[in-house]
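Spelled out, the chains give:
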Amino acid sequence: MDQENLPPHVIIFPLPLQGPVNSMFKLAELLCLSGFHITFIVTEYIYKRLIQFTNIHSRFDQYEGFQIKTISDGLPEDHPHSGDQFMQLFDALRSKTKPLFKEMLTCGDLRHVTCIIADGIMGFTCDVANDVGIPIVYVRTVSSCCLWVFFCLPKLIESGELPFHDDDFDKLVKSVPGTEDFLRCRDLPSFCRLGDISNIYVQLYKTEGQEIARAFGLILNTFEELEGPMLDQIRSVCPNLYPIGPLHAHLKTRLGAEVGSSSEQTSSNSLWEEDKSCITWLDEQSPRSVIYVSFGSIATVTKEQLLEFWHGLVNSGVMFLWVMRPDSVAGKDWEENVPEEIKEGTKKRGYIVGWAPQEQVLAHQAVGGFWTHNGWNSTLESVYEGVPMICWPYFLDQQVNSRFVEAFWKLGLDMKDTCDRVIVEKLVRELMEVRKEEFLKRADDMAKLAKGCLSEGGSSYESLKRLVKDIESMAV
Ligand code: UDX
């Protein structure tokens, strides 16, 4: 093929964490379906896990011109990429990975690159793109409601709303346009609670608006019908948006696969081994009777919190499927402190796995509720499957997402900042029994909109079409 007839070659560089990697693989596959060549860049840490737990190479073998390249994140091999250690990753990426990325583009074998798609939180990718003269489109895998709050951080500081004190937690926030009647201080991203606005998180996120505006455009894993008002706010800073989500479902729709079908296995990008036995357990349960509990790939709980949750779940009398990641409980020997009655209650009404095939679980007819940390992927997966939520946000964007779930979309109950067996029991009953029909109806209405936006003429379908066209026009 002569150079002029080569398809566009796009470099995709996700933030090296489970959620972003997961959704960027879906985007990569969508672009492969449009005939693009893709180079997908992951850190060695992520690559090792991908090789161990997924069939990533054989899945992408079918796409000519797809390749994975690894890059170092400069962290020691045993560095825990979870809990509060995860900020160190940003420093390492900036100092160690940036020069390696530039070297890859200038001295490596990456030829004829049309465009870079990189996570907008990794601003160094834009510096490198500008240096080597390649257009860059940013992608953010957080919710648009949270991204908008990030954009407003300078305003929050200027107005004196940040920092806030403990007794301001329930005060409404005024400096985030579009959310004035429901967003409280406690719903701001978790790092806003640190009391010191010079903390590394505020420093990292307060420049988001400026940073994002440097790129050609911004891809977002959301859809107009869910986050339209927030997208309009973001457009005031960055007009060229591509809301193409929910990405996991967008890909499935393009592949013509049925939700929850066996094709599910082929599209897994899990960095932990999935325990599929929970699907057999779900098959034996009544429709909408099970609450699925999972706090994503990063959150950790103390053993005291774990026991409060566990008591609450068992006492609720509701069937539950719980993901307890091997590294999700801080501290050792917690298993020895689990009381007998809890173990007994779990045998009767619960099922525990280390990692679940989550998309399949949420699509299962036995699941009627999701107790989630509100990572954005989990939230979108729940919205798409019409599963109402109990929200227990852990950090970052999750505090904002959970407020939107309860107060804006009315798709569930927010239990942020509480960890008490009595409250857990009450909320589980409220979601799964007392207000079950009301929540299921709302969730079902939103799920219909989520599905509609992915078919021809739908908002996310058209945004993706425009993105493909725009990248194609960069190639000529
Ligand atoms: C992180 C942040 O926590 C989150 O707030 C941000 O929006 C994205 O990056 P994470 O904590 O892993 O992600 O949460 P989430 O975004 O929900 O992603 C978790 C992914 O792992 C989901 O796609 C989910 O389907 C998958 N998962 C989770 C499994 O496949 N099995 C499980 O047992 C649990």
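Residues numbered from 1 in each chain as written. Predicted model: local features only at pLDDT ≥ 70, side-chain atom pairs only at ≥ 80, totals over all residues.

1. What about the overall build of the protein chain?
Stated precisely, the cut-off is as follows: In DSSP terms, a helix is any run of H or I states spanning at least four residues, a strand is any run of E spanning at least two, and both are numbered starting from the N terminus. What the globule rule says is 2.2 Å times the number of residues to the power 0.38, and the radius of gyration is computed from C-alpha atoms. The exposure scheme places C-beta atoms from the backbone and then counts, for each residue, the other C-beta atoms within 10 Å of its own, assigning buried at 20 or more, exposed at 12 or fewer, and partly exposed in between. Contact between residues is assigned whenever the C-beta positions, reconstructed from backbone atoms, fall within 7 Å.
Within the protein chain, the secondary structure is distributed over 21 helices and 13 strands. Taking 2.2 N^0.38 as the reference for a compact globule, 476 residues should give roughly 23 Å; the C-alpha atoms of the protein chain span a radius of gyration of 22 Å, in line with that estimate. Along the longest, intermediate and shortest principal axes, the C-alpha atoms of the protein chain span 70 × 55 × 45 Å. A buried classification covers 47% of the 476 residues belonging to the protein chain. Excluding contacts between residues fewer than 6 apart, the proportion of contacts in the protein chain whose partners are at least 24 apart in sequence is 71%.

2. Some words on the sheet that holds strand β3 (residues 66–71)
Short version of the rule: When DSSP locates at least two bridges between a pair of strands, those strands are taken to pair. Fitted lines through C-alpha atoms give the axes, limited to the stretch in contact for helices. The angle between two N-to-C directions lies from 0 to 180 degrees.
A sheet is described by the order of its strands in space; here 7 strands give the open sequence β3-β2-β1-β4-β5-β6-β7, paired in parallel fashion. Of all strands in the sheet, those with a lone pairing partner are β3 and β7 (241–243), marking the two edges. Across this sheet, the average inter-strand angle for adjacent strands is 20°, counted without regard to direction. Contacting β1 (9–13), β4 (115–119), β6 (218–220) and β7, helix α21 (residues 459–475) runs over the sheet at an angle of about 135° to β7.

3. Looking at the packing of helix α6 (residues 144–151) against helix α18 (residues 398–408)
The condition that has to hold: Convention used here: angles under 35 degrees read as roughly parallel, angles over 145 as roughly antiparallel, angles from 65 to 115 as roughly perpendicular, and any remaining angle as oblique. Helix crossings fall into two classes, left-handed where the near helix is turned counterclockwise from the far one by less than a right angle and right-handed where it is turned clockwise. Three residue categories are used. Nonpolar comprises Ala, Val, Leu, Ile, Met, Phe, Trp, Tyr, Cys and Pro, charged comprises Asp, Glu, Lys and Arg, and polar comprises the others, including Gly.
α18 packs onto α6 with a crossing angle of 125° between their chain directions and a minimal axis gap of 8 Å. Relative to α18, α6 is oriented oblique. The way α6 lies across α18 gives a crossing that is right-handed. On the side of α6, the interface is formed by C145, C146 and V149, while α18 contributes V400, N401 and F404. A per-class count over the contact of α6 with α18 returns 5 nonpolar, 1 polar and no charged.

4. Looking at the sheet that holds strand β8 (residues 290–294)
With parallel pairing, 6 strands are arranged side by side in an open sheet as β10-β9-β8-β11-β12-β13. Each edge of the open sheet carries a strand with a single partner, namely β10 (350–353) and β13 (412–414). Averaged over all adjacent pairs, the angle separating strand axes in this sheet is 15°, with direction ignored. Both β8 and strand β11 (residues 367–372) contribute to a ladder of 5 bridges, which runs parallel. The partner of Y292 across the bridge, within β11, is F370.

5. Considerations on the pairing of β8
Where burial is concerned, most of β8 is hidden: 5 out of the 5 residues are buried. Side chains of β8 alternate between two faces, with V290, Y292 and S294 and I291 and V293 buried alike.

6. Things to note about unusual backbone geometry
The omega torsion of the bond from L162 to P163 falls at 0°, within 30 degrees of zero and hence cis. Mapped onto the elements of the fold, P163 is located in the loop between α7 (153–158) and α8 (200–205). Here G245 and P246 are connected by a cis peptide whose omega angle stands at -5°. Notably, L396 is not glycine yet its phi reads approximately 55°, a positive angle. You can see L396 is positioned in the loop between β12 (389–391) and α18. By the C-beta count within 10 Å, which is 21 here, L396 ends up buried.

7. Regarding the site of the ligand
Short version of the rule: Residue proximity rests on one test: whether the C-beta atom, placed from the backbone, lies within 6 Å of the molecule or strand.
Around the ligand, 25 residues are found, and the nearest of them are G19, G296, Q358, G375 and S378. Mapped onto the shell around the ligand, the elements with two or more residues apiece are α1 (18–33), α16 (358–363) and α17 (376–385).

8. Focus: helix α5 (residues 124–132)
Three- or four-residue spacings in an α-helix give side chains the same orientation, since the helix completes a turn every 3.6 residues. The following threshold applies: Note: the arc covers the axis-to-C-beta directions of the helix.
For α5, the complete set of buried residues consists of T125, V128 and A129. Burial along α5 is one-sided: seen end-on, the buried residues are contained in an arc of 100°. Along α5, exposed side chains directed more than 90 degrees from the buried face belong to N130 and D131. Once α5 ends, the next one or two residues include G133, with phi positive near 75°.

9. A look at the nonpolar core
Using the following cut-off: Linking buried Ala, Val, Leu, Ile, Met, Phe, Trp, Tyr and Cys residues through C-beta atoms within 7 Å yields a set, and such a set is a nonpolar core.
In this structure, I12, L321 and I390 are the most contacted members of the largest nonpolar core, which totals 133 residues. Broken down by element, the residue count for this core peaks at 8 residues, all from α1. Excluding residues that lie within four positions of it along the chain, I390 makes contacts with G369, W371, G412, L413, M415, L427, V428 and L431.

10. Overview of the environment of R184
Among the secondary structure elements, R184 is positioned in the loop between α7 and α8. Classification of R184 by C-beta neighbours within 10 Å gives partly exposed; the count is 18. As for R184 and C126, which are separated by 58 residues in sequence, their C-alpha atoms are 33 Å apart. Every residue in contact with R184, bar those within four places of it in the chain, is listed here: F169, D170, K171, L172 and V173.

Honestly, that's just the spatial picture; any functional story needs more than this.
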